[in-house]
Each structure stands twice: as C-alpha cells, then as structure tokens.
Amino acid sequence: MKTDLTDTTSSKINKALVLGRRAIGTPAVGMVLTLVIVTDEENAYDALKAANEASREHPSRTLVVIKRVSRSPRDRAKARLDAEVRLGADASTGETVVLRLYGEVVDHAQSVVLPLLLPDAPVVVWWPVNSPTDPANDPLGALAQRRVTDTYAAEQPIQELAARADAYTPGDTDLSWTRITPWRSMLAAALDQVVCEVTSAEVAGEEFNPSVELLAMWLAERLKVPVRRSKSAGPGLTSVRMETNTGPIVLHRPDASLATLSIQGQPDRAVALKRRETAELIAEELRRLDPDDTYAAALKFGLERLDEEAAGAAAEAAAEEVAVAEEVAETVEAEAPAARKPSKKAPAKKAAGS
C-alpha cells in the first residue's frame, strides 16, 4: 500500500501511517527500531532496497531523507515537504516513509524526522554516501544511538578514514569495517589452531580501499607487530600473510568468493569468503546497537602510526640484510688470501750423469 502526500507535514504523515495500518489490518506496531537513511535521489533506490531486505531480520520503520537541490533563489526560499508512505508488501516487514525536502527545510531535516521516530525504540542513522565528517554532531546523527557511514563511497577514502578517527564518538561505525568481519573471524580462528608468535604481517588489497587500512590497523593493534600494506588488482581484499616463528599463515582470496587458508605443517583448506551485499552489511550492524570498542581501538591506532611502524620494520630488515651481506663479504675476504697463496714447489732433482 502506497500513499503520496504533497506539501505535507509530519503530523499528516503520522496520520497516514495509522490509517494505512488499519486499512491493511495490522494496527499493532511490531517494529524494533527506526532506521533513518540520509541520501540523495541517485542512491535512494539502492539504499532503500538494502534496508528492505535487512528489515526481514530487523522489522523497522525506515525513514528515507532525500534533500532535493533547489536551483533557483525562489525555490530555495520556499520550504516544502513531500512524502511517500509505504506499508504492507511495499515495505517488506516494516514501514517505509520516503521524505523529499525542498528549500529551507533541507537545513532542518531533524525537525521533520523527530516526530516520526518510533517511541521507546533505538534509532540508527545511515549515510550511504556524502556522510558528514563528524556524524555525532550532525543534527540527524544526534538523534541516533548508532551512526553508520561508508568511507568506501567517499571521493578520498583514506583521508576520510583519518577524519573518522579524529571525530570518533562511541556509536559510530563504518561499513568498510563491517566488510572485514569474515576476515577477522578467519584469521582469529587460524591463530587458535597453532601455538606460535606472530612477528609481522602483510595485508594486500586494491588501492584506495579503506577496508585494507582497517584490517591492517586491527592486526597491528591486536598483535602488536608491524603490518605492511601492499597493492593488488583486487577486487577488495585479496590476501593476509602473517609471519610466525613456526612458519607463515596465509589467507588468500584471488576471486572475491573462495579463499585458501595455508598454515605451515597443515594441508591447505578452501574457505568461503564471499564479498557481501549491502543488505547483509546493514543487517549485521543492526544486530548490535552498543558501541563497537574493537572498531574504536583499530580506528584510533592511526594510519600514521601504522606507516611509522611498517617503515621502522622495513628499515630494521634492510639493516639486517646489510649486516649479513657485510659479514659474508668479510668472511670471503678473509678466506680469499689463503686460497690465492701459491703452493711451495718441490726442489728439482739433478739429472744422473752420463
């Protein structure tokens, strides 16, 4: 069931929700949270589709906030709110309200959203694109217990990740972190299978992928070892190699679907490590609404510290190679004179007289 409301108010939208629930015979509200999606017209369809799929696991009221661009001064001065209310089969297992904001009301989206929040239910705000630098201080982000961004969609993902670390507030999270959950689980399980000490690690992935940086910072923070990052053709993360005192542990995924886990002294194992869709990522984030302390620790480890430790480890390795080379050269030089020293000739015998 769909209801279109033009030049409306939050009060009229709430009334349309009540009437719609009665019309389809479900007057009871069974939603567990309010999911607010802040996006543009271009990305609204994909974001709403992912939210509807996630609502099968987490029935919710989904509010899609679309800030429309007003091209003329007259349009910018005129505030208008259009809404589309979807219930029943058109909204999966919850309720969906698509809000299109025009003019001055674009700068006051929180005043439109606040009356539409479910009472006594947690609020999650998700920015699929164009997320604010400081989500917690955003007017809409301030309404939420959990704030979800996606640095992978940013124009400069790595710089955006550094900005997230500076502005982190408990409750912030990022889908680039959610994408590496299977990798973290697999690596932790691999280390549980052997008794060893990790000395260094290397993470390989496509360029400008914040998941590579986050996984590297997580390894460095948890294992207290230098972690190097290297580029690959992708897609996404392709491999993690951990050097240990019992041999290397390698998790390699060349095709974005099936990975191979190699542990010294054990046969190689194929493990499922498929790249997940956005709906699965959002569903995972909605399972827990408390602050993610592990994400905070990895994020605050810092890209600069990661670079410094990796550079220090590389310098130490280079110094060791130079020292070994010099030692070999000195050994060769010490042995060379003995090898070049001519042997003493035996004295020639006199020929017998005739």
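Residues numbered from 1 in each chain as written. Predicted model: local features only at pLDDT ≥ 70, side-chain atom pairs only at ≥ 80, totals over all residues. Heavy atoms only, no water.

Asker: Lay out the confidence of the model for the chain in plain terms, naming residues and giving numbers.
Answerer: For the chain, per-residue confidence averages 85 on the pLDDT scale, and 83% of positions sit at 70 or higher. Predicted confidence for residues 348-354 stays below pLDDT 50, and this span has zero contacts to residues more than four positions away or in other chains. (pLDDT = per-residue confidence, 0-100. Contact = heavy atoms within 4.5 Å.)

Asker: So what about unusual backbone geometry? Which residues, and what values?
Answerer: The residue Asp7 is not glycine, and still its phi comes out positive at about 50°. Secondary-structure assignment places Asp7 in the loop between strand S1 (2-5) and helix H1 (10-23). A positive phi is found at Phe208, a non-glycine position, where the angle reads about 60°. Residue placement: Phe208 occurs in the loop between strand S9 (198-205) and helix H8 (210-223). Looking at Phe208, the relative accessible area reads 53%, which means it is exposed. (Helix = DSSP H or I, 4+ residues; strand = E, 2+ residues; numbered from the N terminus. Buried < 20%, exposed > 50% of the residue type's maximum accessible area, 1.4 Å probe, protein only.)

Asker: Requested: an account of the sheet that holds strand S13 (residues 258-263), with residues and values cited.
Answerer: Overall, mixed pairing links the six strands, which are arranged S10-S9-S11-S12-S13-S14 in an open sheet. Either end of the sheet is taken by a strand with one partner, and the two such strands are strand S10 (227-231) and strand S14 (269-272). Along the sheet, successive strands turn relative to each other by an average axial angle of 15°, direction set aside. The pairing of strand S11 (residues 237-244) with strand S12 (residues 249-252) spans four bridges and is classified as antiparallel. By the bridge assignment for S12, Arg241 is matched with Val250. (Pairing = 2+ DSSP bridges. Axes fitted to C-alpha atoms, helices over the stretch in contact; angles between N-to-C directions.)

Asker: Requested: an account of the pairing of S14, with residues and values cited.
Answerer: Where S13 lies against S14, four bridges are found, and the strand directions are antiparallel. Its bridge partner being in S14, Leu258 is matched across the sheet by Ala272. The antiparallel pairing of S13 with S14 creates a hairpin that spans five residues between the two strands, and Gly265 there sits at a positive phi of about 85°.

Asker: Go over the packing of H8 against helix H10 (residues 293-301) with me, naming the residues and quoting the values.
Answerer: Packing of H8 against H10 leaves a shortest axis separation of 8 Å and a crossing angle of 95°. Relative to H10, the element H8 lies roughly perpendicular. Contacts between H8 and H10 pair Leu214, Met217, Trp218, Ala220 and Glu221 from the former with Thr294, Tyr295, Ala297, Ala298, Leu299 and Phe301 from the latter. (Parallel < 35°, antiparallel > 145°, perpendicular 65-115°, else oblique.)

Asker: Pulling in residues and values, what's your account of the sheet that holds strand S5 (residues 95-102)?
Answerer: Within the open sheet, the eight strands sit side by side as S1-S4-S5-S3-S2-S6-S7-S8. Their pairing is mixed. Only two strands of the sheet have a single neighbouring strand rather than two, namely S1 and strand S8 (172-174). Within this sheet the neighbouring strands show an average axis-to-axis angle of 15°, counted without direction.

Asker: A description of the pattern of salt bridges should follow, citing residues and the corresponding values.
Answerer: By the definition in use, this model includes 17 salt bridges. Across the pair Arg287 and Glu57 runs a salt bridge, and its minimum N-O distance is 2.6 Å. Of this pair, Arg287 sits in the loop between helix H9 (278-286) and H10 while Glu57 sits in the loop between helix H2 (41-54) and strand S3 (60-67), placing them 230 residues apart in sequence. For Arg287, a relative accessible area of 52% puts it in the exposed group. Among the salt bridges present, the one from Asp82 reaches Arg80, with a minimum N-O distance of 2.7 Å. (Salt bridge = Lys/Arg side-chain N within 4 Å of Asp/Glu carboxyl O.)

Asker: Break down the pairing of S10 for me, citing the residues and quoting the values.
Answerer: With five bridges connecting them, S9 and S10 associate as parallel partners. Looking across to S10, one finds that Ala204 is bridged to Ser230. Following the backbone out of S9, through H8 and into the adjacent parallel S10, one traces a crossover that is right-handed. (Right-handed = clockwise from strand over helix to strand, strands pointing away.)

Asker: Describe the side chain of Glu285, naming the residues involved and giving the relevant values.
Answerer: Along the chain, Glu285 falls in helix H9. A distance of 2.5 Å separates polar atoms of two side chains, one belonging to Glu285 and the other to Thr178. Ignoring anything within four residues of it in the chain, the contact list for Glu285 reads Arg146, Thr173, Leu175 and Thr178. (Polar contact = N/O pair within 3.5 Å; in protein donor to acceptor, adjacent residues only side chain to side chain.)

Asker: Describe the nonpolar core, naming the residues involved and giving the relevant values.
Answerer: General note: in soluble globular proteins, nonpolar side chains tend to be found buried as a group. Grouped together as the largest cluster of nonpolar side chains are 38 residues, with contacts concentrated most on Val203, Leu215, Leu219 and Val227. Breaking this core down by element, the ones donating at least two residues are helix H7 (181-192), S9, H8, S11, S12, S13, H10 and helix H11 (303-340). Here this core gets eight residues from one element, more than from any other, and that element is H8. Ignoring sequence-local partners within four residues, the contact set of Leu215 consists of Ile180, Trp183, Arg184, Leu187, Val203, Leu237 and Val240. (Core = buried A, V, L, I, M, F, W, Y, C linked by side-chain atoms within 4.5 Å.)

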